[in-house]
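# Survey of secondary and tertiary structure
Here is how the chains run, residue by residue.
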Amino acid sequence: MQKRAFIKSIALGTLAIPVLGAGRATAIVAELAGAATLLAKKLYPGDTIGLITPAGVLDDEESIIIACEIFETLGFKVKEGKHIRSRYGNLAGTDQERIADIHDMFADKAVKAIVCIRGGSGTSRLLDRLDYKMIAQNPKILLGYSDITALILALYAKTGLVTFHGAVGISTWTKKLAEAFNAQFVANKPAVFENPKLKGDNIVQTKDRIATISPGVTDGVLLGGNMTVLTGLCGTPYLPDFKDKILFIEEVDEDMERVDRMFCQLKNAGILAMIKGFIFGKCTNCKPSGGYGSVTLDQLFNDYIKPLNVPAYSGAVIGHIAEQFILPVGAKVRMDASQGTITLIEAALKD
């Protein structure tokens, strides 16, 4: 969304960052709603990564330069979308220009992965005009978060494509993040996502703590993203079927009364009643409402999540933060709400 604040990237060491590449061709079935899973191949050094801006406009040329340097330093070629420097109000070009860049990257056989440079707003405007059949025939990574949630969920709903919710081109790229990329996408082995352990001289965990809402362990397909964007897709054909899925959500810069309203929307839409598990990431810079104050996150969890009687926890390092998880959306995972872990049950990529 436009309010989303992204931290500019820093230089990386020479680590091989993996992303998804082209995979098997498949004929699309309308309204798959996640009924089938489409996997892409892992990325190899020297492959080409395409950079696009499906949402908000870029403020300066330096953002593009830094994004390019990150992947070039890591041994990849970079192809810039033709319209990443375009502007249409607060958007990174007209709808037609942003759609063209998405289509061009998926259709280009030389491009093996697609990374969004930033989030922002406006991605949902594109969903009704995307060529899902062509995309399904050319499965590749789509990497991003925040407003890119709309594209991630729509691609899974329409094609079954597993994509990744995580760092964008102007995120804070550290060696730790690069190592996580390498383990997930180059090694292509089942991974365990858990918050960083105790650091420094503290004798108990004080940062990135998890809180168990309801204990338990469950298996299911992982779906989710930004809460505002996800709830905005309710009632559309671009929101996947959440029956027996594990839902993860995150938010940023919202009043608590709006977070309450979005939880209510998820409940009234029947989504919460369908899920097998619930994971809440970070609500970065979320604040109480004015006037008489507001409910707290813990109260909202008690009101909306505890009655579901499914494994649930909060505090996962997901959202508008540095070094967040890179989660495979549409992949099968096992979550442990008592330990605060998400374990990938099977590889999310094809060798």
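Definitions and cut-offs
- In this convention, every chain numbers its residues from 1, walking through the sequence in written order.
- The predicted origin of the model limits local features to residues at a pLDDT of at least 70 and limits the giving and counting of side-chain atom pairs to 80 or more, whereas totals for whole chains, interfaces and linings rest on all residues.
- To obtain the side-chain values, all non-hydrogen atoms of the structure were used and water was disregarded.
- The classification of residues rests on relative accessible area computed with a 1.4 Å probe and restricted to protein chains. Under 20% of the type maximum is buried, over 50% is exposed, and intermediate values are partly exposed.
- Going along the chain from the N terminus, every DSSP run of H or I of four or more residues is numbered as a helix, and every run of E of two or more is numbered as a strand.
- A pair of strands is considered paired only if DSSP assigns at least 2 bridges between the two.
- Method remark: on a 1 Å grid restricted to protein atoms, a set of points is classed as a cavity if a 1.4 Å probe fits but cannot get out and as a pocket if it is open with protein on both sides within 12 Å along at least five of seven lines; lining residues have an atom within 4 Å of a point.
- Grid points are joined across faces, edges and corners, and a volume is the space filled by probe spheres set on the points.
- Any residue that is not Ala, Val, Leu, Ile, Met, Phe, Trp, Tyr, Cys, Pro, Asp, Glu, Lys or Arg is counted as polar, Gly included; the first ten are nonpolar and the last four charged.
- Two cysteine sulfurs form a disulfide in these notes if their separation is within 2.5 Å.
- Every case where a carboxyl oxygen of Asp or Glu lies within 4 Å of a side-chain nitrogen of Lys or Arg is listed as a salt bridge.
- Start and end positions for the domains come from either an automated domain assignment or a database one.

As recorded in an unreviewed UniProt entry, the protein goes by Muramoyltetrapeptide carboxypeptidase and comes from Sphingobacterium detergens.

### Some points on the pairing of strand 10 (residues 217-226)
Counting buried positions along strand 10 yields 8 of 10 residues, so the element is predominantly enclosed. In this structure, strand 10 lies alongside strand 15 (residues 332-336), joined through 5 bridges in antiparallel fashion. Paired with V221 across the two strands is K332, which belongs to strand 15. Two strands pair when backbone bridges link them, and strand 10 and strand 11 (residues 245-252) are joined in this way by 6 bridges, in the parallel orientation. By the bridge assignment for strand 11, V221 is matched with K245.

### Observations concerning empty space enclosed by the protein
A probe as big as a water molecule, rolled over the atoms, marks out the empty space that is left. This model, assessed by the stated rule, comprises 1 cavity of 30 Å³ or more. Put simply, the largest cavity is a space of about 40 Å³. For the largest cavity, the full set of lining residues is K79, E80, G81, K82, D101, D104 and M105. Of all the secondary-structure elements, those providing two or more residues to the lining of the largest cavity are strand 4 (77-80) and helix 2 (95-107). It is helix 2 that contributes the most residues to the lining of the largest cavity, 3 residues altogether. Its residues assigned to classes, the lining of the largest cavity comprises 1 nonpolar, 1 polar and 5 charged.

### Let's talk about the state of the cysteines
Disulfides are covalent bonds that link the sulfur atoms of two cysteine residues. The full count for this structure, using the stated rule, is 1 disulfide. One disulfide in the model links C283 with C286; its S-S distance is 2.1 Å. Because the torsion about its S-S bond is -80 degrees, the bridge between C283 and C286 counts as left-handed. For C283, a relative accessible area of 17% corresponds to the buried category.

### A look at the side chain of T341
By the secondary structure assignment, T341 is in strand 16 (residues 341-344). Take T341: its relative accessible area is 12%, and that puts it in the buried class.

### Quick word on the pattern of salt bridges
With the rule as written, the count across this model stands at 13 salt bridges. A salt bridge links K197 to E194; its shortest N-O distance comes to 3.4 Å. For E194, a relative accessible area of 35% translates into the label partly exposed. One salt-bridge network, held together by shared partners, links D95, R98, R125, D128 and R129.

### Here's the deal with the layout of surface pockets
In this structure, the largest pocket encloses a volume near 380 Å³. Taken together, 19 residues line the largest pocket, and the ones lying closest to its centre are K176, A180, V192, F193 and F325. At the level of elements, helix 5 (175-186) and strand 8 (192-194) are the ones that each hand at least two residues to the lining of the largest pocket. When residues in the lining of the largest pocket are grouped by element, the largest group, 6 residues, is from helix 5. Residues of the lining of the largest pocket, tallied by class, amount to 11 nonpolar, 3 polar and 5 charged. Two domains each provide a minimum of three residues to the lining of the largest pocket, namely domain 1 (48-186) and domain 2 (192-344).

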